[in-house]
Amino acid sequence: MSAMTHDTTSLLIRHASAILTGMAGADARHAGPDIRVRGGRIDAIGALAPEPGERVIDATDCAVYPAWVNTHHHLFQSLLKGDPAGIDLSLTPWLAATPYRFRAAFDEPTFRLAARIGLVELLRSGCGTVADHNYLYYPGMPFDTSAILFEEADRLGMRFVLCRGGATRTRQLESDLPQALRPETLDQFLADCERLVARYHQPEADAMRRVAMAPTTPLYSLAPQELRTVARTARRLGIRLHSHLSETVEYDNAARAMHGMSPVAFCGEHEWLGPDVWFAHLVKLSAGEIRELGATGTGIAHCPQSNGRLGSGIADIPALEAAGVPVSLGVDGAASNEAADMISEAHACWLLQRARRGEQAHPAAQGGTFEGGADAARVEDVVRWGTAGGAAVLGLGAIGTLRPGMAADLAIYRLDDPRCFGLHDPGIAPVASGGRPALRALLVGGRVVAEHDTIPGIDLEALGRAARDAVRRLRDHAQGAAA
């Protein structure tokens, strides 16, 4: 780990105004006001006195959360925000207009820059763990996107889960793409997954590096018999499975037209359900599909901002959780979510679940029985989904909650912005007040990776200039390819 600013054996966080733990029910908050970190783990929470030689972080007027766990992203899209060609399109035409149009333009420096921008954006929101669904792979590729992602996360001190995407076949919208975007063979895909597991994957519950097998979409990316092979290979290797599913009604239409069954039933038929599987989106589901996902313990990466931006809808998170589905939050790619950070995601999740429930209210004359949906999601629920829920979905059982014995992954947010003034409950500020609160500090494994809203070694002005230059190059490349 090269990005740590401190590696003390004992650290005391003092005088926090509020501590949300990521746990459920009465355990969702702790009075604190102090947290001792020793040897990278939470040693104690309570009214604690400093010990000789112990470093102290003053958390007066701050809220402390577990570090967020982002379970679905496409980091390369950090240079594709707000593309005019796709800004007002729904999922399928948007795929052709933006991600597929630009994919061939990514060389090694551009890909690395995009990954760095996305990770920095997440880190500044208090995110300590990122699962990136990377699908930039093709036969004969001259640079290793997987290695770049692990390197950039390591540089910042973040936990990183590589969801190794890819495809062995293409949809019609990809049929005329250049060689750089042609699909791999199944053998190539599996061989690279085995290479990545051998090189990077750590099985520990507090792993800094993980690998998951993640073909881009079960319905389109692999032949049905290949889905079973991939699932069995992943389980032999001891890694998890991830993909997109049921983001729009078109996915259901296609599954029934192609295979005569629902998307969830299709996945179950091909061994793609279970507690080692999580899907992004799951917006359009029948009641039966929700029951099947819950019965098998299959998880969700809920991406409310991307689903809203693309007009896909709002996943029914209370129904999914009630059925037994593990719930987590994902940012998704910045090409469909220009606010690609976990604070924005949590804020949107909190509001949209309430709005979804409120949309189901009708006047009494039409048979309505309730007025609104403010009981659909509490701030504590959203924090739990975005921390402990993410850890559970990724199989990282030693992170995600603030309690003794757990890895010290935590975010300390300053509440000194006017948007937080006047709050009767400071604990809700990071989720409810909107906007990004400044970081007093972010710890990952007990090491301080950001402090006073700055990240060691990162010049934000220089990063912004590099991003603007890269966007110009990407647009020039896309225009030249279209000419």
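Refer to the structure presented above.
Everything numeric in this text was worked out from a predicted model, so none of it was measured.

Draft legend 1. Here's a closer look at the packing of helix α12 (residues 342–359) against helix α13 (residues 379–394). It is at 10 Å that the axes of α12 and α13 come closest, and there the two elements cross at 135°. Overall, the two elements α12 and α13 adopt an arrangement that is oblique. The element α12 and its partner α13 pack so that their crossing is right-handed. Mapping the contact onto sequence places Met342, Ala346, Cys349 and Trp350 in α12 and Val379, Val382, Trp385 and Gly386 in α13. Here the contact of α12 with α13 is composed, by residue class, of 7 nonpolar, 1 polar and no charged.

Draft legend 2. Summary view of helix α4 (residues 145–156). With 12 residues, α4 extends 17 Å from end C-alpha to end C-alpha; this agrees with the ideal 16 Å at 1.5 Å per step. Among the 12 residues that make up α4, 10 are buried, leaving the element largely enclosed by the rest of the structure. The complete set of buried residues in α4 reads Thr145, Ser146, Ala147, Ile148, Leu149, Phe150, Glu152, Ala153, Asp154 and Leu156. The N-capping residue of α4, defined by a side-chain oxygen 3.1 Å from the backbone nitrogen of Ser146, is Asp144. Just past α4, the residue Gly157 takes up positive phi, approximately 80°.

Draft legend 3. Structural detail: the sheet that holds strand β3 (residues 29–30). Pairing within the open sheet is mixed, and its 6 strands lie in the order β3-β2-β7-β16-β17-β18. Pairing within the sheet leaves two strands with one partner each, and these edge strands are β3 and β18 (447–451). Across 5 bridges, strand β7 (residues 62–66) lies against strand β16 (residues 410–414) in antiparallel orientation. Bridge pairing in β16 links Val64 to Ile412.

Draft legend 4. Representation of the packing of helix α5 (residues 186–200) against helix α6 (residues 224–237) in the model. With their axes 11 Å apart at the nearest point, α5 and α6 run at an angle of 15° to one another. Judged by the inter-axis angle, α5 sits roughly parallel to α6. Judged by the twist between their axes, the crossing of α5 over α6 is right-handed. Between α5, through Leu186, Phe189, Leu190, Glu194 and Val197, and α6, the contact on the second element is made entirely by Glu226, Thr229, Val230, Thr233, Arg236 and Leu237.

Each value, and the rule that gives it
- Residues numbered from 1 in each chain as written.
- Predicted model: local features only at pLDDT ≥ 70, side-chain atom pairs only at ≥ 80, totals over all residues.
- Heavy atoms only, no water.
- Axes fitted to C-alpha atoms, helices over the stretch in contact; angles between N-to-C directions.
- Helix = DSSP H or I, 4+ residues; strand = E, 2+ residues; numbered from the N terminus.
- Parallel < 35°, antiparallel > 145°, perpendicular 65-115°, else oblique.
- Left-handed = near helix turned anticlockwise from the far one by under 90°.
- Contact = heavy atoms within 4.5 Å.
- Nonpolar A, V, L, I, M, F, W, Y, C, P; charged D, E, K, R; others polar.
- Expected span 1.5 Å × (residues − 1).
- Buried < 20%, exposed > 50% of the residue type's maximum accessible area, 1.4 Å probe, protein only.
- Polar contact = N/O pair within 3.5 Å; in protein donor to acceptor, adjacent residues only side chain to side chain.
- Pairing = 2+ DSSP bridges.

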